[in-house]
Amino acid sequence: DPVRARQWMAYYLGRRTAPDPEAERIYQSLSVTVLNNQALSLQSKGDFAGAESLLRQAVEIADKSLGPNHPDTAGSLNNLASLLESQGNFAGAEPLYRRALAICEKALGPTHPHTAMALDNLAGVLVAQGDYASAEPLFRRALAIAEQALGPGDPTTRPIREDLDALLLQKAGR
């Protein structure tokens, strides 16, 4: 439970007798996780403005305390982009997805499952904007990574394959 873990870390940090940078990073990471979870809860209840505010806070905290190339920063950017995309703000979502992808590639590597998911998300917003030519190679790369890293039947791989198949059907005019 990230909320309880964050409380324990706050307790520890308040009573430590010497600097503990690792504990500080853990506390900030937990803070980002809590904000993301709260935002996703608000989003599921239809409070998009509240969710957006919390996600922007999470991105700011992650950026400043964990760094602009930290996986938590990528996750928060992805969640914010997803919220914007769900509201039809594709132009707002695309650069966030692009930044999240760049972080995943740098921090986790080009063949990590999170990189595959970031590719899939970016490709999805490109499809929503009608840019099928740019989306297809991203879907193909995402699928190749997911199949290699997780296997073809993995719950993460299947939706990527479905996204590529849907795009190919759209391109074929069906």
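Residues numbered from 1 in each chain as written. Predicted model: local features only at pLDDT ≥ 70, side-chain atom pairs only at ≥ 80, totals over all residues. Heavy atoms only, no water.

### Here we look at the nonpolar core
Ranked by size, the top nonpolar core spans 41 residues in total, and within it Leu122, Ala135 and Phe139 carry the most contacts. Secondary-structure elements contributing two or more residues to this core are α2 (21-44), α3 (48-66), α4 (71-86), α5 (90-107), α6 (113-128), α7 (132-150) and α8 (157-172). Examining the composition of this core, we find that 8 residues originate from one element, α6, more than from any other. In this view, Ala135 contacts Ala123, Leu126, Val127 and Leu167; residues no more than four positions away in its chain are not counted. If you look at the next biggest cluster of nonpolar residues, it comprises 5 residues, including Met9, Leu13, Ala23 and Tyr27. (Core = buried A, V, L, I, M, F, W, Y, C linked by side-chain atoms within 4.5 Å. Buried < 20%, exposed > 50% of the residue type's maximum accessible area, 1.4 Å probe, protein only. Helix = DSSP H or I, 4+ residues; strand = E, 2+ residues; numbered from the N terminus. Contact = heavy atoms within 4.5 Å.)

### Let's talk about the environment of Met117
Residue placement: Met117 occurs in helix α6. Given a relative accessible area of 34%, Met117 falls into the partly exposed group.

### Focus: the packing of α7 against α8
For the pair α7 and α8, the least separation of the axes is 9 Å and the interaxial angle reads 150°. Between α7 and α8, the crossing angle belongs to the class labelled roughly antiparallel. For the pair α7 and α8, the crossing hand works out as left-handed. On α8, the residues that touch Tyr132, Ala135, Glu136, Phe139, Arg140, Ala142, Leu143, Ala146, Glu147 and Leu150 of α7 are Thr157, Ile160, Arg161, Asp163, Leu164, Leu167, Leu168, Gln170 and Lys171. Tallied by class, the residues present in the contact of α7 with α8 amount to 11 nonpolar, 2 polar and 6 charged. (Axes fitted to C-alpha atoms, helices over the stretch in contact; angles between N-to-C directions. Parallel < 35°, antiparallel > 145°, perpendicular 65-115°, else oblique. Left-handed = near helix turned anticlockwise from the far one by under 90°. Nonpolar A, V, L, I, M, F, W, Y, C, P; charged D, E, K, R; others polar.)

### Details of the side chain of Thr157
By the secondary structure assignment, Thr157 is in helix α8. Separated by 2.8 Å, the side chain of Thr157 and the backbone oxygen of Gly151 make a polar contact. Ignoring anything within four residues of it in the chain, the contact list for Thr157 reads Leu143, Ala146, Glu147, Leu150, Gly151 and Pro152. (Polar contact = N/O pair within 3.5 Å; in protein donor to acceptor, adjacent residues only side chain to side chain.)

### Considering α7
The α-helix winds at 3.6 residues per turn, so residues separated by three or four positions along the chain end up facing the same way. With 19 residues, α7 extends 26 Å from end C-alpha to end C-alpha; this agrees with the ideal 27 Å at 1.5 Å per step. Among all positions in α7, only Ala135, Glu136, Leu138, Phe139, Ala142, Leu143, Ile145 and Ala146 are buried. Along its buried surface, α7 packs onto α6 and α8. With its phi angle positive at about 105°, Gly151 sits one or two positions after the end of α7. (Expected span 1.5 Å × (residues − 1).)

### Notes on the confidence of the model for the protein
Parts of the prediction with low pLDDT should not have their coordinates interpreted in detail. In the predicted model, the protein carries a mean pLDDT of 94, and 99% of its residues have values of at least 70. Highest mean pLDDT in the protein belongs to α5 (98); lowest belongs to helix α1 (residues 2-15) (82). (pLDDT = per-residue confidence, 0-100.)

### As for the environment of Ala102
If you trace the backbone, Ala102 turns up in helix α5. Residues Ala102 and Ala118, spaced 16 residues apart in sequence, show a C-alpha to C-alpha distance of 8.8 Å.

### Structural notes on α6
Here α6 is 16 residues long and its end C-alpha atoms lie 23 Å apart, about the 22 Å a rise of 1.5 Å per residue gives. Where α6 is concerned, the buried positions are Thr115, Ala116, Ala118, Leu119, Asp120, Leu122, Ala123, Val125, Leu126 and Val127. Tucked into the core, α6 has its buried residues touching α4, α5, α7 and α8. Taken from the residues just after α6, Gly130 is the one with a positive phi, measuring 85°.

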